[in-house]
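Residue-level structural notes
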Amino acid sequence: MFWKPENIDANAIALIDDSSGRQLTYRELDNFCSLLTDRITSDEKKLAFLFCDNSIDCIIAYLSILRSGNTVLPVSSRMDDTLKVVLLKIYRPEIVLSIDEISYLLEGYEQEEYDGKLMLFKRKQSDDNLPLHKDLAVLLSTSGTTGSPKLVRLSYKNISSNAESIAEYLAITGTEKPITNLPMSYSFGLSVINSHLLKGAKIVCSNKSMVMRDFWNTFNLNGCTSFSGVPYNYQMLQRLKFDGMNLPTLKTMTQAGGRLSEEFIKYFYEASLKKNIRFFVMYGQTEATARISYVPVDKLGEKIGSIGVPIAGGAIRIFNGDCEITSPHTAGELVYYGSNVMMGYAESRSDLSKGDELSGVLCTGDLAYKDEDGYFYITGRLKRFIKLFGLRVNLDEAEKLIENEFGIAAACYGSDDMLKILIQSAPAVLSETVKRKIIDTYKIHHSVVSVGCINTIPVTQSGKKDYKLIQSMELR
Amino acid sequence: MTNLDKLIKAFSDALELEPELINDELSYGTESWDSIAHLALVASIEMEFDIMLSSEDVIDMSSFKKAKEILTKYDVGF
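Reading the values: the criteria
- Residues numbered from 1 in each chain as written.
- Chains lettered and ligands numbered in written order.
- Predicted model: local features only at pLDDT ≥ 70, side-chain atom pairs only at ≥ 80, totals over all residues.
- Heavy atoms only, no water.
- Phe/Tyr/Trp six-rings, centres within 6.5 Å; stacked < 30°, edge-to-face > 60°.
- Buried < 20%, exposed > 50% of the residue type's maximum accessible area, 1.4 Å probe, protein only.
- Contact = heavy atoms within 4.5 Å.
- Buried area = accessible area lost by both parts, 1.4 Å probe.
- Salt bridge = Lys/Arg side-chain N within 4 Å of Asp/Glu carboxyl O.
- Helix = DSSP H or I, 4+ residues; strand = E, 2+ residues; numbered from the N terminus.
- Polar contact = N/O pair within 3.5 Å; in protein donor to acceptor, adjacent residues only side chain to side chain.
- Domains from an automatic or database assignment.
- Pairing = 2+ DSSP bridges.

Residues and elements named next belong to chain A. Enumeration according to the criterion identifies 23 aromatic pairs over all chains in this entry. Both rings, one in Phe-49 and one in Phe-51, keep their centres 6.0 Å apart while their planes meet at 75°; by these two values the pair is edge-to-face. With a relative accessible area of 0%, Phe-49 lands in the buried category. Ring centres 4.8 Å apart and planes at 85° place the aromatic pair Phe-215 and Trp-216 in the edge-to-face group.

Before going further, it helps to examine the interface of chain A and chain B. Where interface size is quoted, it is often the accessible area lost as the parts come together. With 16 residues of chain A at the interface, the matching set in chain B holds 20 residues. Both faces combined, the contact of chain A with chain B buries some 1700 Å², and carbon together with sulfur accounts for 60% of it. In terms of surface lost to chain B, no three residues of chain A exceed Met-212, Arg-213 and Arg-239 of chain A, which account for 37% of the buried area on that side. Taken together, the links from chain A to chain B amount to four salt bridges.

On to the side chain of Thr-180 of chain A, then. Residue placement: Thr-180 of chain A occurs in the loop between α4 (156–169) and α5 (187–198). Polar contacts involving the side chain of Thr-180 of chain A include one to the main-chain amide nitrogen of Ser-206 of chain A, which spans 2.8 Å.

So, about the pattern of salt bridges. Residue and element names in this part refer to chain A. Scanning the model with the defined rule gives 35 salt bridges over all chains in all. For Glu-405, the salt bridge is made with Lys-437, and the minimal N-O distance between the two is 3.7 Å. With a gap of 32 residues between them, Glu-405 in helix α9 (residues 395–406) and Lys-437 in helix α10 (residues 428–442) connect regions that are remote in the sequence. Residue Lys-437 is classed as partly exposed on the basis of its relative accessible area, which comes to 26%.

Residue and element names in this part refer to chain A. Segmenting chain A into domains produces domain 1 (13–379) and domain 2 (387–475). Summarising the inter-unit geometry, the C-alpha centres of domain 1 and domain 2 are found 30 Å apart. Listed by partner, the interface residues are 17 residues for domain 1 and ten residues for domain 2. Carbon and sulfur atoms make up 54% of the area that domain 1 and domain 2 hide from each other, which totals about 1100 Å². At the junction of domain 1 and domain 2, the tally comes to two salt bridges. Viewed at the interface, domain 2 and domain 1 are joined by two residue pairs in polar contact (both at pLDDT 80 or more).

All names here are of chain A. The alternating pattern of strand β5 (residues 95–98) places Ile-95 and Leu-97 and Val-96 and Ser-98 on opposite faces, both of which are buried. Where strand β3 (residues 47–52) meets β5, four bridges bridge the pair, whose relative direction is parallel. Its bridge partner lying in β5, Phe-49 is registered against Val-96. In this sheet, strand β7 (residues 119–123) lies alongside β5 in antiparallel orientation, the contact comprising four bridges. Residue Leu-97 lies in a different strand from β7, and its bridge partner there is Leu-120.

On to helix α7 (residues 231–239) of chain A. Residues and elements named next belong to chain A. With seven of nine residues buried, α7 lies mostly within the body of the structure. Every buried residue of α7 is listed here: Pro-231, Tyr-232, Asn-233, Tyr-234, Met-236, Leu-237 and Arg-239. Positive phi shows up at Lys-241, right after α7, with a value of about 55°.

Following this line, the structure appears as C-alpha cells:
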C-alpha cells in the first residue's frame, strides 16, 4: 500500500517543497501522517473533503485520510466557490481539510486546532451521517474543476493495484525524482504520487507552471527525473522547443489524458531518442483509477498513434454490442478488465454506501481496434464528450445547460481542441452571452469555444439532432 | 495605434480583460492569466507585432512589464 509503504528506506527523502526547499524523509512523513490520522480516526468511517494544491501538507493530509480508514475526495483549491458549495451540499463531508481559507463556505462546521498549514473542520451535527461502504477509499471528479458533481468511487484495491501496475511498467525505483506538475485532484496527477510513494521515490512538490522559467529552474535545481503531461502540456512544450531545452537530469516523460496527435508523438519520440530519455504514451480513464494501457518505450517508433497494450493484470477486449470482435483491424467498443476498475459512480451521498457495481469490467465508451501484434488504436467515441486540456466536457450536459439557461435549442459538438456550439434562431448578441456562460462554467479559455447561429438545427428522421449533418455543414 | 496600445490589445484579447485592468502590475497567475492563456497571449503578441518570440522569451514573459522589456529586443520600443 503506497499510503503506508513497506520495504523502503525510512531515511530516504520522500517529499521536497520546491519553493521553500523543505524536505521530509519517509520516517518524518510517517510521523506527520500519524499526527493527523489520530485527529480524524473514529469508530465510524467518515467522508473527508481535501481542498488542495500540490503542497507537502496536502499530500500528508491525503495519506492521513487513507490511513485513518476514512474516504477522501481531493478537490482543487482553485475550483469555483459555487461548485465547491454544490459538492459540499450533495456529499455532506464530516471532515473538511483545506489549504486555502474556506470557512466562509462552510455552514455547521467548527474549525479545530491543527498544527499544520491546512485548516481542519469537522461537521457539528453528525448523527445523520449516511454510511460509507467499507471498501470506499477515494472519490474523484471526472471533470476536474469543471461542471458536474458526478464522482468516481474507488476502492483501496483499485488505488493500490493501479499504483503497482504503473510502478511496474515505468520501472520506478527509489532513485526517481518526479515533479508534481499535474494537480493531485486529477486522477493522472494523483497516480504519479501514488506510484512513486509505493517505491520510496523522492517527490518534488510543485505548484509551478510549465510555461514559466521558474518551473524549469526548479526542475533542474532539484535534479528531477520525470514529468507527466496531458496533450496540452506537450503542445506547450513543443512551442518551447523542447528538443533544444537543457534538462540534464530528465530521464522519463509520460503522456496521458487524451489523444496526442501523431505529429506531436513523432516530435517527442525523436526528441526522446536524441536526449536519451524514455517517452511513454499511455491511455486511461478516471473510471479505471488512472491507467489502462501504455506503449512500451522500445515499441513507440513502430506503434505511433497506438494506446499500446494493457497494464499488468489488466485485459482489453473489443465488442460490437454483446459480440466480441477478435479479428484485427475491426473497430468496436473498448472494454477493459482489471482490478483497477472503479466500484461505480456516485451522484449523491447515499450512493457512497453502494458496493462494487462493475465487478472489474469497464465499458469505456471509446471505439478501438487492435493490430496483428495486439496493440490497440482508438478511433472515436461512443459517448458524446470531448476532452479539453485533458478534462472531460459532456456535450449533452453543455447543451442542456444552454437550453435551460437561455430557453433556446442548442447543439454542442466538436473535437478535443474545440467546443463548438450551434444555437437556434437567436439574436447575434446572445451568442456572446452563451459563450461567456460556457467559459465561466467550464473554466476554459475562450479561444477553444465557438458559437454559431442557425435558423433551424437539423434533425434526423427520428427527430434527434443530426450531428453528422451539423459537422458536415461546417466543411462546406 | 502606438506599440503600447498594440500590446494592451494583445493582452486584452488573450486574457479577456478590460484594457483598463492591464498595467505593469499584471503578472502570470493573476486574473485569467494561466498556462493556457499564456500560449494564447504569446500567439496574440506575435501576430500583433509580426514577430516570433524565442522559447526563452516565452518562459520569461511573466508580467506585462516584462513583456515590454522583452519586446524591445525585437526592436519594438515603448
